Amino acid sequence: MIRTLHSNRIGPLLARRTARLAQAETVVRPILDAVRKQGDKALLKYARKFDGLDRKTVRVPERELTAACGKLAPEFRAAVETASGNIRTFAEMQMPVEQIMEVAPGLHLGQIVRPLDTVAAYIPAGRYPLPSTLMMTVVPAQVAGVRRVCVACPRPVPEILGTARLLGVADVFQMGGAQAIAAFAFGTRTVPKADRIVGPGNIYVAAAKKLLAGEVGIDFIAGPTEILIIAAEGNPKFLAADMLAQAEHDVDASAILLTTSKELARAVADEIELQMKTLPTAAVARQAIRRNSAIVICRSLDEAVEIANRFAPEHLSIPDGALLERIANAGSVFVGPFSPEAAGDYASGPNHVLPTSGAARLRGGLSVMDYLKVISVQQLTRETLIRLAPAITTLARAEGLEAHARSVEVRTRG
């Protein structure tokens, strides 16, 4: 049974269940070191041990991608076409503008936009295969213009291999865990060195990304998935279904409903129990509901919004757009009763690779910007430099950087 709490008792709930990253780091350090020093030799050893690799290389041959693609059901291919189309449209909408403008006489400022050269998408293959994550990580990279997009999956099912082929991805590797992150961070004879690694993974993947951040770009360090729902009224069946959709991901997932209505709280709690009776994934969902989830009775919607901003959830569901201007922290926002989180997971377009564990205070979800460099450009005429010289030289000498000041004066005097 899900807990029902009053808002003054939610401290432990907001604290979250923290992943034991320190312990995981101890486990993955030797793996990272082995791949750094031994390259493919270590990578193959770990892939055979952990990922069930039964070929001589971690690279998936193109014939396997083609064969898997040929076996995809027509309805699955149609779903990929619909979802990837919307993901592509949204990524195109996010593309920054490349422009140079004369912002003052003789002062041209702007930016040029350049893609990363090589990126790696990590696709988990644990309890559930995730071809949706393949689309979410690959399509924005393609929109950005990344030259080489690589995919790693420890146990790729035909739907993942076939989706990769549909998207035109040729560099697919059967490898997972810390060894996959290390391979992309350092590069091996078989696996190219990546500029950035994106995509979710288990605690060992997260620990490896944390340890290698700086040697390779990463998106963020992911924790257990979560949803927070604000509702003063609504359909209990909808709300219960949304909470269970999150809970079925993992026993560490969390689903929280903030409401001002005790009647709605009771109705949703009852509906959760009713829906779990026929839910195939109830064994997982029930643990997540019992351990990490709750229905919270709030004094007002204002308090609910304040709690939501403190929690900074991965997924935030709100009843209507009137609350949007007050939302400060969320990975992705779902507005209204017909915008379930599952739509964002699969087909509506915005990315489902999102910050968890409070990281939404710092950034939003994966976007086309994660695959780009926005490079500033400036061009000054001599007259403009003369006009700016007093400010430049004064600040340079205040900082004790005489050569900076002289580099301006040598251009403007005489």
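Going by the structure above, here's the rest.
Conventions and cut-offs
- Residues numbered from 1 in each chain as written.
- Predicted model: local features only at pLDDT ≥ 70, side-chain atom pairs only at ≥ 80, totals over all residues.
- Heavy atoms only, no water.
- Buried < 20%, exposed > 50% of the residue type's maximum accessible area, 1.4 Å probe, protein only.
- Helix = DSSP H or I, 4+ residues; strand = E, 2+ residues; numbered from the N terminus.
- Contact = heavy atoms within 4.5 Å.
- Salt bridge = Lys/Arg side-chain N within 4 Å of Asp/Glu carboxyl O.
- Patch = residues over 30% accessible without salt bridge, like charges linked within 9 Å, V, L, I, M, F, W, Y side chains within 5 Å.
- Areas by Shrake-Rupley, 256 points an atom, 1.4 Å probe, with all protein chains shown as cover.
- Pairing = 2+ DSSP bridges.
- Axes fitted to C-alpha atoms, helices over the stretch in contact; angles between N-to-C directions.
- Parallel < 35°, antiparallel > 145°, perpendicular 65-115°, else oblique.
- Left-handed = near helix turned anticlockwise from the far one by under 90°.
- Arc of directions from axis to C-beta.
- Polar contact = N/O pair within 3.5 Å; in protein donor to acceptor, adjacent residues only side chain to side chain.
- Phe/Tyr/Trp six-rings, centres within 6.5 Å; stacked < 30°, edge-to-face > 60°.

Of all the residues in helix α13 (residues 301–311), the buried ones are Glu303, Ala304, Val305, Ile307, Ala308, Asn309 and Phe311. Buried-residue contacts for α13 involve α1 (11–15), β9 (226–230), β10 (254–259) and β12 (315–318). Immediately downstream of α13, the backbone of Ala312 shows phi near 50°, a positive value.

With that settled, the discussion passes to the pattern of salt bridges. As enumerated under the stated definition, the model contains 20 salt bridges in all. Among the salt bridges present, the one from Glu25 reaches Arg29, with a minimum N-O distance of 3.7 Å. In this pair, Glu25 and Arg29 both sit in helix α2 (residues 21–38), four residues apart, roughly one turn of the helix. What emerges from the salt-bridge pattern is a single network uniting Arg397, Glu402, Arg406, Glu409 and Arg413.

All right, on to a nonpolar patch on the surface then. A contiguous nonpolar surface patch, about 250 Å² in accessible area, is contributed by Met101, Val103 and Leu109. Considering the arrangement of structural elements, one finds Met101 in strand β2 (residues 99–104).

Turning to the sheet that holds β2, a few remarks are in order. Across the sheet, three strands lie side by side as β2-β3-β14; this open sheet has antiparallel pairing. Strands with a single pairing partner mark the edges of an open sheet, and in this sheet they are β2 and β14 (372–380). On average, each strand axis in the sheet is tilted by 20° relative to the strand beside it, whichever way the strands run. Contacts from helix α15 (residues 382–398) reach β2, β3 (107–115) and β14 within the one sheet, and its direction differs from that of β14 by about 90°.

This part is about the sheet that holds strand β6 (residues 171–173). Read from one edge to the other, the open sheet built from five strands follows the order β6-β5-β4-β7-β8, with strand pairing classed as parallel. Of all strands in the sheet, those bounded by a partner on one side alone are β6 and β8 (217–218). Inspection of the sheet shows strand β5 (residues 148–152) paired to β6 by three bridges, in the parallel sense. Across the sheet, the residue bridging to Cys150 is Asp171, located in β6.

This next bit is on the packing of α2 against helix α9 (residues 203–212). Close contact between α2 and α9 brings their axes to 8 Å; oriented N to C, the two are set at 70°. Judged by the inter-axis angle, α2 sits roughly perpendicular to α9. Along the contact surface, α2 presents Leu21, Ala24, Glu25, Val27, Val28, Arg29 and Leu32, while α9 presents Ile203, Tyr204, Ala206, Ala207, Ala208, Lys210, Leu211 and Leu212.

As a packed pair, helix α6 (residues 131–144) and helix α7 (residues 158–166) sit with axes 9 Å apart at the nearest point and diverge in direction by 25°. When the interaxial angle is binned, α6 and α7 end up roughly parallel. Handedness of the crossing formed by α6 with α7: right-handed. Here α6 contributes Pro131, Leu134 and Met135 to the contact with α7, which in turn contributes Glu159, Ile160, Thr163 and Ala164.

It is worth spelling out helix α16 (residues 402–412) at this point. Considered for burial, the residues of α16 that qualify are Ala405, Val408, Glu409 and Thr412. Down the axis of α16, the smallest arc covering the buried residues is 100°, so these residues share one side. Those residues of α16 that are exposed and angled more than 90 degrees off the buried face are Ala403, Arg406, Val410 and Arg411.

The next point concerns unusual backbone geometry. Keep in mind that most residues, glycine aside, have a negative phi and that most peptide bonds are trans. The backbone of Ala312 shows a phi angle near 50°, a positive value even though the residue is not glycine. Position of Ala312 relative to the elements: it lies in the loop between α13 and β12.

Next up on the list: the side chain of Thr163. Looking at where Thr163 falls in the secondary structure, it is placed in helix α7. The exposure class assigned to Thr163 is buried, which follows from its relative accessible area of 0%. For Thr163, the side chain forms a polar contact with the main-chain oxygen of Glu159, separated by 2.6 Å. Setting aside residues up to four positions removed in sequence, Thr163 forms contacts with Leu72, Phe76, Val80, Pro131, Leu134 and Met135.

Throughout the structure, instances matching the rule amount to three aromatic pairs. Ring centres of Phe173 and Phe184 lie 6.0 Å apart, and the angle between their planes is 80°; on these two criteria the pair is classed as edge-to-face. Here Phe173 is found in strand β6, whereas its partner Phe184 is found in helix α8 (residues 177–186), with 11 residues between them in sequence. With a relative accessible area of 0%, Phe173 lands in the buried category. You can call Phe184 buried: its relative accessible area is 2%.

Bridge analysis of β2 against β3 gives five bridges, and the strand direction is antiparallel. Looking at β3, one finds that Glu102 is bridged to His108. Linking β2 to β3, which pair antiparallel, is a turn of two residues; within it Gly106 sits at a positive phi near 80°. Relative to β14, β3 is paired through nine bridges, and the arrangement is antiparallel. Paired with Gln111 across the bridge in β14 is Ser376.

The next subject is the environment of Thr188. Mapped onto the elements, Thr188 comes out in the loop between α8 and β7 (196–198). The exposure class of Thr188 is buried, given its relative accessible area of 16%. Sequence separation between Thr188 and Lys41 is 147 residues; the distance between their C-alpha atoms is 9.4 Å. Excluding residues that lie within four positions of it along the chain, Thr188 makes contacts with Gly39, Asp40, Leu43 and Ala183. Reaching out from Thr188, the side chain makes a polar contact with the backbone nitrogen of Thr190 at a distance of 3.1 Å.

None of the figures reported here should be taken as evidence of function without further support.
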